[in-house]
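Notes for the structure review
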Amino acid sequence: MPTPSPAQQPERARGPARGALPFAYAGRPTPIGGDPMIVEARARAHARYEELGLPSTRVEAWKYTNLQSLAKLELMPAERLPAIDLERIGHLLPKELRAFRIVFGNGRWRSDLAHLDDLPAGCRIVPLREATGRAAKIVSGSLDRAANGLSSINALNAAYAEDGAIIHLDPGTRLDAPLHLVFVCQGTEPAPAIHPRVVLVAEAGSALTLIESHIGQGEGAYWTTPVIDLLVGPEAQLRHVKFQDEGPSAIHLGFSEALIDRNAFYEHLLISVGGRLVRNELRAKLTAEGGAVTLNGAFLGRGRQHVDNTTDIVHAAPRCRSREVYKGALDHQARGVFQGRIVVEPGAQQTDGHQLTRTILLSDSAEIDAKPMLEIYADDVKCSHGATAGALDPDWVHYLRARGIGEVEARRLLVEGFLGEVIDGVGLPALAQHYRARVARWLGGEEEGA
Amino acid sequence: MAAPLLEITNLHATVEGKSILNGLSLSIALGEVHAVMGPNGSGKSTLAHVLAGREGYQVTEGSVLYQGRDLLSMSPEERARDGVFLAFQYPVEIPGVNTATFLRTAVNAVRKHQGLSEYDAMQFLKLVRDAAERLGMPAEMLKRAVNVGFSGGEKKRHEILQMALLAPKLAILDETDSGLDIDALRQVSDGINGLRGADRGMLVITHYQRLLDYVRPDRVHVLSKGRIVRSGGPELAIELEERGYADTVASAAA
């Protein structure tokens, strides 16, 4: 049964919360697992979503990102699964890089495309739909965090997730190859709404490289709200790469939360290339002493793309360290947003936090809204932030031209270098090289996929 | 007789509305090394930038012919591809751009223009390593970002390395000696001398005579207030060093 389009939907019983859009997407909860714990947590998340609604630009955290175009889209819960272009998936990682793999087609786990043989005994991965026993407990915990949180997107995803994955690493388990999550989406009319949810629990001393790739097939519109929920246990090491290359009409509202325990290390690299309206939201909370987090982001926009990068680093414990560098390159009428907040909670003494964002505007019509924020409630801390935006340095361009390099090529080389600095920060050289090449192709004007 | 390599006639140029060059004339033939000396503010660096085609330098009068062609109508990259090279006084640091990649892109752009085949990464790496070694540059520098974290001496060596790789017809060296200690000065000078030849002309711009002890010029010109006020042989450089600019310029005016 098709879901009524927004225009046909009944008025909300209690009216939207202050600052909510006058539009409520009502999905259709798909049963996951069937464990009563999940069912109840889901109901709480649903209530939370109803309460929060979808944010309008009157909500401070969404000031620069307008979801009106989502409200105008005729939506239906994703049902039909796309036929998946395997060759394109093969190009998402460097050929020589062996990886475990899970593929989601419009949010649904595709067991026929998974590569999970030879996982170490201490690593269990199951589809969200099949969550039972311990896995169900992990899922309900994740749903409860969404139900108690402030993110509409996380609450909505928790209420409507159709599938996803639960990844559980036992203490001391280290994966010697990255785990690659491939989200393939394809638009139809009405546009499918896709809400995959991945929950990772990395127990004490475990280690993993997690790569999420988001790709779109075809030109059609769809809406996806991928949530990646991460629990990084004491002394654990998690490297988390997000490569966003959605289709040209896609609305991608991604949300990730990492809770980082004692002496744990969380490293994130974002490469954002595709999509029409994109939000890459990341919240990293240092919950116990000695944790460290590094966030690196490279975002690209052209045409009328809108790409919002919102990060929240919360220092909730003493002696933690955070480093963040986000860089963007925007051309044509593209619009970028960087909202980066560092919160140092009372008692989080000897916090060491640094944040930097820089954007290169390649055209006069491109725009960036950069909002760095420091909120410090402790007195013995070392925190700094910086933000710059502007055209490419003409001295750089001249230096290259004075060596025979044409102006277009010079700009390409410089922007690739500018973003490449961030990309090189990921601890895997083969992967960095691969993403640098991807950025170079974008700069060369080469369209991919579709 | 063939056209001179470089023929500057009555060149006037302004920067931000301020006139810096006021009727400069100079002619360099293939195989010659000319030195232009002058006090600070005399227009030495402006001359270098005008010849390299930097934005913001307005030529208001006069002409510059390079191998008989109007140099001023060419873009900076066209000049470089046709064999004009400027060793910058202050080479800019370019974060994120790998030095070896930058050098290969530049060399291949020039080779392509000359109808030569482009080097692949492996071929080029060998070539550039050998050239760097001759200049006493550690190969490790090639892996770093262009000029980032290079010492003053390393930046100047890097300029000479680029000159060696691009093999220009006309090399303009803008205060290449500044900021060099005596060992670096010798190494850089050896690099420059190694590139002297019948098929190349050089314009060496310097404030001090000491570089000219190593790189012996055929002609020396004294620049003052945007014009050449005296020209002579290498002995003129020694006179300048002994008497200073003020006296030399004053005696020229007298």
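Residues numbered from 1 in each chain as written. Chains lettered and ligands numbered in written order. Predicted model: local features only at pLDDT ≥ 70, side-chain atom pairs only at ≥ 80, totals over all residues.

1. Focus: the overall build of chain A
Applied cut-off: Secondary structure elements follow DSSP: runs of H or I no shorter than four residues count as helices, runs of E no shorter than two count as strands, and numbering proceeds from the N terminus. As a reference, a globule follows 2.2 Å times the number of residues to the power 0.38, and the radius of gyration itself is taken over C-alpha atoms. With C-beta atoms placed from the backbone, a contact is any residue pair whose C-beta atoms sit within 7 Å.
Scanning chain A from terminus to terminus reveals eight helices and 22 strands. The C-alpha atoms of chain A give 21 Å as radius of gyration, which agrees with the globular expectation for 450 residues (22 Å, within 12%). With respect to the three principal axes, the spread of C-alpha positions in chain A is 70 × 50 × 45 Å. A sequence separation of at least 24 residues applies to 83% of the contacts in chain A between residues at least 6 apart.

2. A few points about unusual backbone geometry
Inclusion rule: Field definition: a residue is buried when 20 or more other C-beta atoms are found within 10 Å of its C-beta, exposed when 12 or fewer are, and partly exposed for counts in between, with C-beta atoms placed from the backbone.
Residues Glu189(A) and Pro190(A) are joined by a peptide bond in cis, for which omega reads -10°. Here the phi dihedral of Asn10(B) falls at roughly 50°; this positive angle occurs in a residue that is not glycine. In this fold, Asn10(B) is placed in strand β1 (residues 6-15). Assessed through the 13 C-beta atoms surrounding it within 10 Å, Asn10(B) is described here as partly exposed.

3. Points about the nonpolar core
Rule in force here: A set of buried residues drawn from Ala, Val, Leu, Ile, Met, Phe, Trp, Tyr and Cys, joined through C-beta atoms within 7 Å, is what defines a nonpolar core.
The biggest cluster of nonpolar side chains holds 205 residues, and the ones touching the most others in it are Val139(A), Ile166(A), Val232(A), Phe85(B) and Ile172(B). It is helix α7 (residues 407-423) of chain A that provides the largest number of residues to this core, a total of eight residues. In contact with Ile166(A), other than residues within four places in its own chain, are Val126(A), Leu128(A), Ala131(A), Ala135(A), Ile138(A), Val139(A) and Val199(A).

4. Considerations on the interface of chain B and chain A
Reports of interface size often rely on the accessible area that becomes lost once the parts have come together. What counts here: Gly counts as polar in this scheme, as do all residues outside two lists: the nonpolar Ala, Val, Leu, Ile, Met, Phe, Trp, Tyr, Cys and Pro, and the charged Asp, Glu, Lys and Arg.
Facing 19 residues of chain B, the contacting portion of chain A comprises 19 residues. For the side of chain B that touches chain A, a count of residues per class yields twelve nonpolar, three polar and four charged.

5. A closer look at the pairing of strand β2 (residues 18-28) of chain B
All names here are of chain B. Cut-off, in case you're wondering: Any two strands are treated as partners once DSSP identifies two or more bridges connecting them.
One ladder, built from eight bridges, connects β1 with β2; its direction is antiparallel. Paired with Leu6 across the two strands is Ile28, which belongs to β2. Hairpin geometry of β1 and β2 is characterised by an intervening segment of two residues between the two adjacent antiparallel strands and by a positive phi of about 50° at Glu16.

6. As for helix α4 (residues 121-134) of chain B
Worth spelling out the cut-off: What a helix is expected to span follows from its residue count: subtract one and scale by 1.5 Å.
With 14 residues, α4(B) extends 20 Å between its outermost C-alpha atoms, agreeing within 8% with the 20 Å of an ideal straight helix rising 1.5 Å per residue. In the segment just after α4(B), Gly136(B) is the residue with positive phi, at about 70°.

7. Regarding the packing of helix α3 (residues 99-113) of chain B against helix α5 (residues 152-166) of chain B
Residue and element names in this part refer to chain B. Operational definition: Fitting a line to C-alpha atoms yields each axis, with helices limited to the stretch in contact; the angle taken between N-to-C directions then spans 0 to 180 degrees. Orientation categories follow fixed angle ranges, with anything under 35 degrees roughly parallel, anything over 145 roughly antiparallel, 65 to 115 roughly perpendicular, and all other angles oblique. Here a crossing is called left-handed whenever its near helix is offset anticlockwise from the far helix by less than a right angle, and right-handed whenever the offset is clockwise.
For the pair α3 and α5, interaxial distance at closest approach is 10 Å and the crossing angle is 30°. With respect to each other, α3 and α5 are oriented roughly parallel. Here α3 runs over α5; the crossing is right-handed. Across from Leu103, Ala106, Val107 and Val110 in α3, the residues of α5 making contact are Gln162, Leu165 and Leu166. Broken down by class, the residue content of the contact of α3 with α5 amounts to six nonpolar, one polar and no charged.

8. Overview of the environment of Ala258(A)
Mapped onto the elements, Ala258(A) comes out in strand β13 (residues 251-260). What makes Ala258(A) buried here is the crowd of 27 C-beta atoms within 10 Å.

9. A short note on the pairing of strand β3 (residues 33-37) of chain B
The side chains of a regular strand alternate, first on one face of the sheet and then on the other. All names here are of chain B. Buried residues dominate β3, accounting for five of its five residues. The two faces of β3 match: Val33, Ala35 and Met37 on one face and His34 and Val36 on the other face are all buried. Across five bridges, the pairing between β3 and strand β10 (residues 201-206) is parallel. Bridging across to β10, Ala35 finds its partner in Val204. Both β3 and strand β11 (residues 219-224) contribute to a ladder of four bridges, which runs parallel. When the bridges of β11 are listed, Met37 appears paired with Val222.

10. Brief notes about the sheet that holds strand β4 (residues 57-66) of chain B
Residue and element names in this part refer to chain B. Across the sheet, four strands lie side by side as β2-β1-β4-β5; this open sheet has antiparallel pairing. Only two strands of the sheet have a single neighbouring strand rather than two, namely β2 and β5 (69-70). The strands touched by helix α1 (residues 44-52) are β1, β2 and β4; relative to β4, the strand with the most contacts, the crossing angle is about 70°.

11. Description of the packing of helix α1 (residues 36-52) of chain A against helix α5 (residues 152-160) of chain A
Residues and elements named next belong to chain A. Taken N-terminus to C-terminus, the directions of α1 and α5 make an angle of 140°; their axes are 8 Å apart at the nearest point. The angle between α1 and α5 places the two elements in the oblique class. Crossing hand, α1 versus α5: left-handed. Residues Arg42, Ala45, His46, Arg48, Tyr49 and Leu52 of α1 form the contact with α5, whose participating residues are Ser152, Ala155, Leu156, Ala158 and Ala159. Its residues placed into classes, the contact of α1 with α5 shows seven nonpolar, two polar and two charged.

12. With respect to the confidence of the model for chain A
Here is the rule we go by: The pLDDT value tells you how sure the predictor is about a given residue, anywhere from 0 up to 100.
Averaged over every residue, the pLDDT of chain A is 92; the share at 70 or more is 95%. When the criterion is pLDDT under 50, residues 1-16 of chain A qualifies, and its contacts beyond four places in sequence or with other chains add up to 17 contacts.

13. Concerning the sheet that holds strand β9 (residues 170-174) of chain B
All names here are of chain B. The strand order across the open sheet formed by six strands is β6-β9-β10-β3-β11-β12, and the pairing between neighbours is mixed. Each edge of the open sheet is held by one strand with a lone partner, namely β6 (84-87) and β12 (227-232). Averaged over all neighbouring strand pairs, the angle between strand axes comes to 20°, with direction disregarded. Contacting β6 and β9, α5 crosses the sheet at an angle of about 165° to β6.

14. With respect to α3(B)
Each full turn of the α-helix corresponds to 3.6 residues, which orients residues three or four apart in the same direction. Taking 1.5 Å per residue as the helical rise, α3(B) with its 15 residues ought to reach 21 Å, and the 21 Å between its terminal C-alpha atoms agrees with that figure. Inspection of α3(B) places Thr99(B), Phe102(B), Leu103(B), Arg104(B), Thr105(B), Ala106(B), Val107(B), Ala109(B) and Val110(B) among the buried residues, and these make up the whole buried set. Contacts from the buried residues of α3(B) go to α7 of chain A together with α2 (76-81), β7 (94-98), α4, β8 (145-146) and α5 of chain B. Just past α3(B), the residue Gly115(B) takes up positive phi, approximately 75°.

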